Structures are given as structure tokens and as C-alpha cells.
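# Structural features, examined
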Amino acid sequence: MNKDLERENIGRKASMVAISGNILLTIFNFIVGTLSGSTALVAEAAHTLSDVITSILAFVGFKIGMKPADRDHQYGHGRAEPIAGLIIVVFLVVVAYEILSDVYVKLLMNESLQAPDWTAAGMAVIGMIVNYAMTTYLIRSGKKINSPALIADGQHQKVDIFSCGAVLVGVIGAQMGFTLLDPIVAMFIAIMVLRTAFVVARDNINTIMGKLPSEEILEEIRAAAMSVEEVKGVHDLRVNNMGPYASAELHIELDGDLKLRESHEISHKVEKQVINNVGPIKMAIVHTCPFEDGCEE
């Protein structure tokens with residue numbers, strides 16, 4: 001199967017699982033939270049609703065990022081994915097604000113507090129199991145196809161595991177007479193949402209700014225270039241990270257007596273080796289230099 005087609009199929013499947021799973025969780029969290037009187041579970045429903053929106057955003061970013069290069073976007077559309085990741089951050093901050101606003105009303109406006117019933121605890125356990133499964137699947141799929149949008153969505157989803165655990169603790173504590181614990185747990189969920197927003201923002205800003213994906217990728221490119229028999233050295237190696245893929249620029253050192261046509265053919269061999277053997281690299285620019293003199297500035 002074509003690599004791009006395989007990547008699109010994996011990304012589409014992961015996004016659909018996240019969207020459908022979060023829609024169901026949103027509905028059940030809200031219904032159970034309202035009927036059981038759990039502020040924390042209603043807050044979790046709001047958070048899960050944001051998961052639906054962010055999963056849709058992640059899918060849109062993924063689809064745009066899959067578009068091939070064109071006249072106006074000669075390096076492709078890969079940066080659409082980290083941009084989608086930053087839009088997800090905005091939704092995370094809004095959700096945290098809404099949760100904290102509700103907690104403010106409950107705690108500081110002296111609204112009467114009642115202990116939620118055990119139905120909320122059961123829903124929290126179900127939420128932990130479902131969110132763990134979706135988080136694992138999203139992050140694994142995102143790493144497999146090198147998708148910043150899916151990984152960001154998976155990191156967002158991970159918060160729900162801990163927040164459902166916190167809801168469970170809140171219900172148990174409230175049943176034991178600590179009714180303040182339920183809105184305090186909601187506040188804890190809001191703080192975790194903000195922390196996730198910070199991590200997702202940092203990672204996606206770094207990607208947009210072209211941060212090196214890893215130090216290992218430089219050695220992989222060097223090894224791929226040196227695997228071509230005529231190449232005697234590699235220097236001035238640079239990588240431009242665009243999110244789901246990257247481009248590379250490198251100088252290779254060749255015998256100075258080679259004819260222009262020969263050195264040109266070797267540079268194309270190196271280009272193919274780098275693109276075919278280094279996962280994230282989708283395009284490569286190879287400069288040739290005489291080995292005897294070098295060409296570093």
C-alpha cells in the first residue's frame with residue numbers, strides 16, 4: 001500500500017474512534033452528572049465535549065496536512081497539523097475557564113453542596129477505562145504516522161483518565177461527608193486541562209518553528225548518505241521540521257575529478273537513499289563538494 005494512503009487510513013480511523021467515543025462519553029457524563037448531582041462529573045462532561053471538538057480539529061488539520069505540495073505551498077501543507085494543535089490549546093483554555101467559573105459559584109457564592117450518589121462513581125470508572133483505551137490508541141497511531149495533530153489530541157485525551165479518577169475520589173469523599181471535595185475535584189480537573197494546554201502549545205510551537213525532531217535523525221541521514229559508495233564525507237547537515245514530515249539539506253564530499261554529470265547522478269542517489277531510509281524525511285536537497293578542498297564556510 002502507498003505510504004501516504006496508509007497514513008491517511010490510519011489517521012482517519014484514529015480520528016473517527018476519538019470523535020465517536022467522546023460523543024458517547026459527553027452524553028453519559030452529562031446525564032449521570034446531572035442526575036447524581038456531581039459537579040465534577042458535569043465538569044468532566046464539558047471537558048469531554050471539548051474532546052469532540054478537538055478531535056474534529058485534529059482530523060481537519062490531519063487532512064489538510066496530507067495535501068501534496070502545490071504552486072503556493074511548495075513544501076506541502078504539513079504545518080497545518082501543528083496549527084490545529086494550537087487551536088486545540090484555545091479550546092482547552094476555554095474549557096478550564098468554564099469549569100473554574102462553576103467552581104467559583106459553588107465555593108465562593110455559598111451555594112449548598114450535596115454529595116453525589118454512587119452512580120457518578122460508576123460512570124467515572126467507565127470513563128477511566130474508555131479514555132485509557134482511546135488515549136493509547138490515539139498516541140500510538142499518531143507516533144506511527146508522525147502526526148502532531150493526533151498526538152496532541154491523544155495528550156488532551158490523557159487528561160480525562162486522571163480527571164475521571166479524580167471524580168471517583170470526589171464521589172467517595174463526598175459520600176463520607178466531605179461534600180466540598182466534589183467542586184475541589186472539578187478545580188483539579190481545570191488545572192490539569194491548563195497543564196495539558198501548556199504542553200500541547202509548547203510542542204506545537206516548537207514544531208512550527210522547525211525544531212529538530214531528534215538528534216538521532218541527523219545520524220540516520222548521515223548514514224544514509226554515506227551508504228552511497230562514492231560519498232567520502234557529509235557536512236552542513238540541516239533538517240527543517242514541518243510536523244508530519246521534514247526536509248533535509250546536506251553537503252556531500254566527492255572525488256574532485258568527477259565530471260559534473262557524474263556528481264549530479266551521485267547526488268540523486270543520495271537524495272533517494274535519504275528519503276527512502278529516514279522516516280520523516282520527504283524531500284532532500286543535496287549539494288556536492290570536492291573532497292580534497294571541502295566547501296564549508
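Residues numbered from 1 in each chain as written. Predicted model: local features only at pLDDT ≥ 70, side-chain atom pairs only at ≥ 80, totals over all residues. Heavy atoms only, no water.

By the naming in an unreviewed UniProt entry, the protein goes by Cation diffusion facilitator family transporter and is assigned to Methanobacterium formicicum. As stated in UniProt under Sequence similarities (unreviewed entry), the record for the protein gives "Belongs to the cation diffusion facilitator (CDF) transporter (TC 2.A.4) family." Annotation of the protein in UniProt includes, under Subcellular location (unreviewed entry), the sentence "Membrane". (UniProt positions renumbered as here; feature names shortened; annotations may be inferred.)

### So, helix 5 (residues 148-175)
In this model helix 5 runs 41 Å from its N-terminal to its C-terminal C-alpha over 28 residues, within 8% of the 40 Å that 1.5 Å per residue would give. Directly beyond the C-terminal end of helix 5, a positive phi value near 110° is found at G177. (Helix = DSSP H or I, 4+ residues; strand = E, 2+ residues; numbered from the N terminus. Expected span 1.5 Å × (residues − 1).)

### So, the UniProt feature "transmembrane region" (unreviewed entry) in the protein
The positions that UniProt labels "transmembrane region" (unreviewed entry) are, in the present scheme, residues 16-35, 41-62, 83-100, 120-139, 159-178 and 184-201. For residues 41-62, helix accounts for 100% and strand for 0%, while the C-alpha atoms at its two ends are 31 Å apart. Strand forms 0% of residues 120-139 and helix 100%; the C-alpha atoms that close the span are 28 Å apart.

### Quick look at a negative patch on the surface
A grouping of D255, D257, E262 and E265 is seen on the molecular surface, where their side chains present a negatively charged patch. Within the secondary structure, D255 sits in the loop between strand 2 (246-254) and helix 8 (260-277). Judged by relative accessible area, D255 falls into the partly exposed class, the value being 32%. (Patch = residues over 30% accessible without salt bridge, like charges linked within 9 Å, V, L, I, M, F, W, Y side chains within 5 Å. Areas by Shrake-Rupley, 256 points an atom, 1.4 Å probe, with all protein chains shown as cover. Salt bridge = Lys/Arg side-chain N within 4 Å of Asp/Glu carboxyl O. Lys, Arg positive; Asp, Glu negative; His and termini not counted. Charge placed at Lys NZ, Arg CZ, Asp CG, Glu CD. Buried < 20%, exposed > 50% of the residue type's maximum accessible area, 1.4 Å probe, protein only.)

### With respect to the pattern of salt bridges
Evaluated as defined, the whole model comprises three salt bridges. Across the salt bridge formed by D203 and R202, the nearest N and O atoms sit 3.3 Å from each other. For D203, a relative accessible area of 37% gives the class partly exposed. Its salt-bridge partner being R222, residue E219 comes within 3.9 Å of it at the nearest N-O pair. Remark: R222 and E219 occur in helix 7 (residues 216-226); sequence separation between them is three residues, near one turn of the helix. The partly exposed category is assigned to R222, whose relative accessible area is 28%.

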